[in-house]
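# Results of the structural survey
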Amino acid sequence: MDLIDAFLDSLWLERGASEHTLAAYRRDLNAWCAYLAQQDAELTAPPDGMLSTWFDARRGQGYQLRSNARLLSSLRSFYRWGRLNGHVERDPLATIRLPRVQPGLPHTLDEDEVERLLSAPDTTTAMGVRDRAMLELLYACGLRVSELVSLTLDALNLRQGVVRVRGKGDKDRLVPLGDEAADWLERYLRTARNEMMKDPMRPALFPGRGDKPMTRQTFWHRIKAHAVTAGITKPLSPHTLRHAFATHLLNHGANLRVVQLLLGHSDLSTTQIYTHVAQARLESLHAHHHPRG
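What comes next is a walk through the structure. (Residues numbered from 1 in each chain as written. Predicted model: local features only at pLDDT ≥ 70, side-chain atom pairs only at ≥ 80, totals over all residues. Heavy atoms only, no water.)

## Regarding the pairing of strand β3 (residues 172–176)
Test applied: Relative accessibility thresholds used throughout: buried, under 20% of the residue-type maximum; exposed, over 50%; partly exposed, between the two (1.4 Å probe, protein chains only). Secondary structure elements follow DSSP: runs of H or I no shorter than four residues count as helices, runs of E no shorter than two count as strands, and numbering proceeds from the N terminus. Only when DSSP finds a minimum of two bridges between them are two strands counted as paired.
Alternating positions in β3 separate cleanly, Arg-173 and Val-175 being buried on one face and Asp-172, Leu-174 and Pro-176 remaining unburied on the opposite face. Bridge analysis of strand β2 (residues 162–166) against β3 gives five bridges, and the strand direction is antiparallel. The residue bridging Arg-164 from the neighbouring strand is Leu-174, located in β3. Counting the residues that bridge the hairpin from β2 to β3 gives five residues, and of these Gly-169 lies at a positive phi of roughly 70°.

See below:
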């Protein structure tokens, strides 16, 4: 466990890995350690072939290729770090290969569905105004839910029409709001926020209980409730509006590099998945509207 802790500390210090990423690495390494313990083997020197045997056993238990591929990535990072720092003599994954996993296309909403979702909150109430402002901001800026709920008052500049977002690796980016989101945020700040907070001087832009920042889980429950109101039956995820943001920008001609910057992706390859979504949408439109489609 000390070795795993040291590895995770290095990920945090050197790469700025998030708590979510560190927790995922810890789960993967703990699962591998538990299997090794059953076989009376050591983490620093697993016998040849043991990892392949474990993967075969996991497949027999119903684990999918994607799950094993993620697990392999975690272990590969750990043993690479272990060799560089003198904790292991050889990399037991050197000869392990899994078939390449094609990234799945994210679930998204079309523009009409987004409009229905954004219009779902009851804006005659303070909570409804808050939810409408959050949904508008989420879609206008393509934020992660974690980025949205962690926003503070000083991150918002309505006069300039931008919001400062702290993303993965504690990297900041400025994202334009758009008129609609800015209008709802102005209304929220002028009325609903003061009504909902005991101390409006607290920094959380979108407070939950006790004037503390709303949790991701709470906002996710709010999204699902509004989706029911809007009559949306598609599978949703906390990233649904982020996916819609990227897809709709590309559908309307935005440059992929610009979308990458707005999303806060460090690597363009991460953003390229949305080109598949946009291409599928274009093919569907062509088939539906072209006389020879």
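Continuing now.
## Structural notes on unusual backbone geometry
With the exception of glycine, the majority of residues adopt a negative phi angle, and the majority of peptide bonds are in the trans configuration. Positive phi is not limited to glycine here, since Asp-40 has a value of about 55°. What makes Asp-40 exposed here is its relative accessible area of 74%.

## Description of the pairing of β2
Sheet topology note: the strand β1 (residues 156–157)/β2 ladder contains two bridges and is antiparallel. In the strand pairing of β2, Leu-156 is matched with Val-163. Following β1, the chain reverses through four residues before pairing antiparallel with β2; Gly-161 in that reversal takes a positive phi of roughly 70°.

## Comments concerning the packing of helix α5 (residues 111–118) against helix α6 (residues 126–141)
Rules: Whenever a helix is involved, its axis is fitted only over the stretch in contact; in every case the axis is a line through C-alpha atoms, and angles between N-to-C directions fall within 0 to 180 degrees. If an angle is under 35 degrees, it is roughly parallel; if it is over 145, roughly antiparallel; if it lies from 65 to 115, roughly perpendicular; otherwise it is oblique. The contact rule is simple, with two residues in contact once any of their heavy atoms fall within 4.5 Å. Only Asp, Glu, Lys and Arg are considered charged in this grouping, and only Ala, Val, Leu, Ile, Met, Phe, Trp, Tyr, Cys and Pro are considered nonpolar; every other residue, Gly among them, is considered polar.
At a minimum axis separation of 9 Å, α5 and α6 run at an interaxial angle of 150°. Classified by the angle between their axes, α5 and α6 sit roughly antiparallel to one another. Along its contact with α5, which presents Val-114, Leu-117 and Leu-118, the element α6 presents Arg-132, Leu-135, Glu-136 and Tyr-139. In terms of residue class, the contact of α5 with α6 is built from five nonpolar, no polar and two charged.

## Digging into the packing of α6 against helix α10 (residues 240–251)
Here is the rule: Left-handed describes a crossing whose near helix is turned anticlockwise from the far helix through less than a right angle; right-handed describes the clockwise counterpart.
One way to put it is that α6 packs onto α10 with a least axis distance of 7 Å and a crossing angle of 40°. Classed by the angle they form, the pair α6 and α10 counts as oblique. Here α6 runs over α10; the crossing is right-handed. On α10, the residues touching Leu-135, Leu-138, Tyr-139, Ala-140 and Cys-141 of α6 are Leu-241, Ala-244, Phe-245 and His-248. Per-class residue counts for the contact of α6 with α10 are eight nonpolar, one polar and no charged.

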